[in-house]
Amino acid sequence: MARATGFGYGLLAAILLVGLNLRGSIAAVSPVLPDIRADLHMSSATAGLLTSLPVLCFALGAPGAAWLGRRLGIYRALLVGCLVIALATAVRPYAGVWLLLAATVVLGLAMTVGNVLMPVAVKRDFGSAAGRITGVSTASLSTGAALAAALTAPLAGWLGWQDALAVWAVMAVVAAAALAGPAAREHRSPVSVAPRRHGEGARLRTSPVAWAITAFLGLQSVTYYAVTAWMPTLLRDIADLSLADAGVAMSLFQVLGIPGTLLVPALIHRGRDQRALGVVIGAGWLVVVLGLALAPGLWLVWCMVGGIVQGMGISYAFTILVLRSADDHVAARLSAMMQLLGYSVGASGPFLVGLIQGATGSWTLAMVPLWIAAAGLVVAAMVAGRDRLVGV
């Protein structure tokens, strides 16, 4: 595989197409969640699982994704993941509640392969361009979510919510086709996620920076996935938005994640470290989640700020992973660690918000966990942003 500045643009295209599929099928649920709940008679807590379960799978599946990368090679593992995403996306809307949830679990596990292995591929194969490519590849996650958020509701009006969710399988098939070339070359010249080296796991477990990076991803995930799951419903309940306007709000939130992700590569090398940038992201999230609950009439402002901040947050988390890792061996282990633990925390967001809102009927109380998570992001950034390498 090519390194430094000599990477192939076909390889970059394959990476970006994979990224489009790692959030889209999750974001697609939110615009049609009222229809899903009405047709399947789902409670608020159960509906929250449609977003929480994939995030929990991101955590629990991280070690297995790293193992699959070692077993098959990075690009062949990504190819398998995209094929499973396509199958699960195509099948899950046509099942009952429990099969829908089971297919959502499969979908989440398949996405985990991309979550874990994409940063490793970038660290290994893009050399000195790794920081910039991480920002661009992370933008593809926001792009996929934005496309799903913007187009699923109109598609549902035309095709019905089931077909509108299933159609996103096409994007995963396209990504699998793009991976065929890199996977075939990898077969002739095997490469894989590096095996554990002596003492490496201990260095990660005792590194404050590694733990702070993990915490940042977890708290970013709590806020992002909870807002993704519930913002349209919240705005319909307390800002009196129509279904169409709530869909526009969610689309704006997701679309603005794209420039948000691209801001991070442009800003991250300014100054001696990245603490200030991380603190700005955490403070931005705090403004958004307070604003949605306390001043919902200003929803347009919160959607715009939130969109930029959510894109910056995920880009910051994965760019810091690449910058802080001493080499691709450490990147593989740190990627698995931060996603195993970080997404375990992140999975609680949509479920907790749904549970509290369903029990109390209050969106203000339901947003309290998100206020705490946003404040925690500021603390995590103060440690994760320090100019320290992990694994040395």
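Note that the structure is a prediction, hence the values are computed from the model and not measured.

Caption draft 1: The arrangement of unusual backbone geometry in detail. Unusually for a residue other than glycine, Asp240 sits at a positive phi of about 60°. By the element assignment, Asp240 lies in the loop between helix 12 (208–238) and helix 13 (243–255). Looking at Asp240, the relative accessible area reads 68%, which means it is exposed.

Caption draft 2: Examining the confidence of the model for the protein more closely. Put simply, the protein has an average pLDDT of 83, and 92% of its residues get 70 or more. For the stretch residues 1–7, pLDDT sits under 50, and the model shows 24 contacts to residues farther than four places along the chain or on other chains. Overall, residues 188–192 carries pLDDT values under 50, and its contacts beyond four positions in sequence, including any with other chains, amount to 8 contacts.

Caption draft 3: Expanded view of the nonpolar core. Core analysis: the largest hydrophobic core is formed by 128 residues, its most contacted members being Ile36, Tyr75, Trp285, Tyr316 and Tyr343. The leading source of residues in this core is helix 12, at 17 residues.

Caption draft 4: Up close: the environment of Val91. By the element assignment, Val91 lies in helix 6 (residues 74–91). Residues Val91 and Ala103 lie 12 residues apart in sequence; the distance between their C-alpha atoms is 7.5 Å.

Caption draft 5: View of the packing of helix 7 (residues 97–125) against helix 16 (residues 299–324). As a packed pair, helix 7 and helix 16 sit with axes 10 Å apart at the nearest point and diverge in direction by 45°. Relative to helix 16, the element helix 7 is oriented oblique. With respect to the hand of their crossing, helix 7 and helix 16 are arranged in right-handed fashion. Only Phe318, Leu321 and Val322 of helix 16 make contact with helix 7, whose side of the interface consists of Asn115, Pro119 and Lys123. Split into classes, the residues belonging to the contact of helix 7 with helix 16 amount to 4 nonpolar, 1 polar and 1 charged.

Thresholds, definitions, all that
Starting afresh in each chain, residues are numbered from 1 along the sequence in its written order. Owing to the predicted nature of the model, reporting of local features is limited to residues with pLDDT of at least 70; listing and counting of side-chain atom pairs is limited to 80 or more, with chain, interface and lining totals taken over all residues. Each side-chain value is worked out from all heavy atoms of the structure, with water and hydrogens disregarded. A helix here means a DSSP run of H or I that spans at least four residues, while a strand means a run of E at least two residues long, and both kinds are numbered starting from the N terminus. Partly exposed residues are those whose accessible area sits between 20% and 50% of the maximum for their type, while under 20% is buried and over 50% is exposed, using a 1.4 Å probe and protein chains only. Each residue carries a pLDDT score, the predictor's own confidence in it, on a scale running from 0 to 100. By definition, residues are in contact when any of their heavy atoms lie within 4.5 Å. By convention a nonpolar core is built from buried Ala, Val, Leu, Ile, Met, Phe, Trp, Tyr and Cys residues, the set being connected through side-chain atoms within 4.5 Å. For every element, the axis is a line fit to its C-alpha atoms; helices are fit only across the contacting stretch, and the angle between N-to-C directions ranges from 0 to 180 degrees. Just so you know how the angles are binned, under 35 degrees is roughly parallel, over 145 roughly antiparallel, 65 to 115 roughly perpendicular, and the rest oblique. Take the far helix as the reference: if the near one is turned anticlockwise from it by less than a right angle, the crossing is left-handed, and if turned clockwise, right-handed. Gly is placed with the polar residues, together with every amino acid not listed as nonpolar (Ala, Val, Leu, Ile, Met, Phe, Trp, Tyr, Cys and Pro) or charged (Asp, Glu, Lys and Arg).

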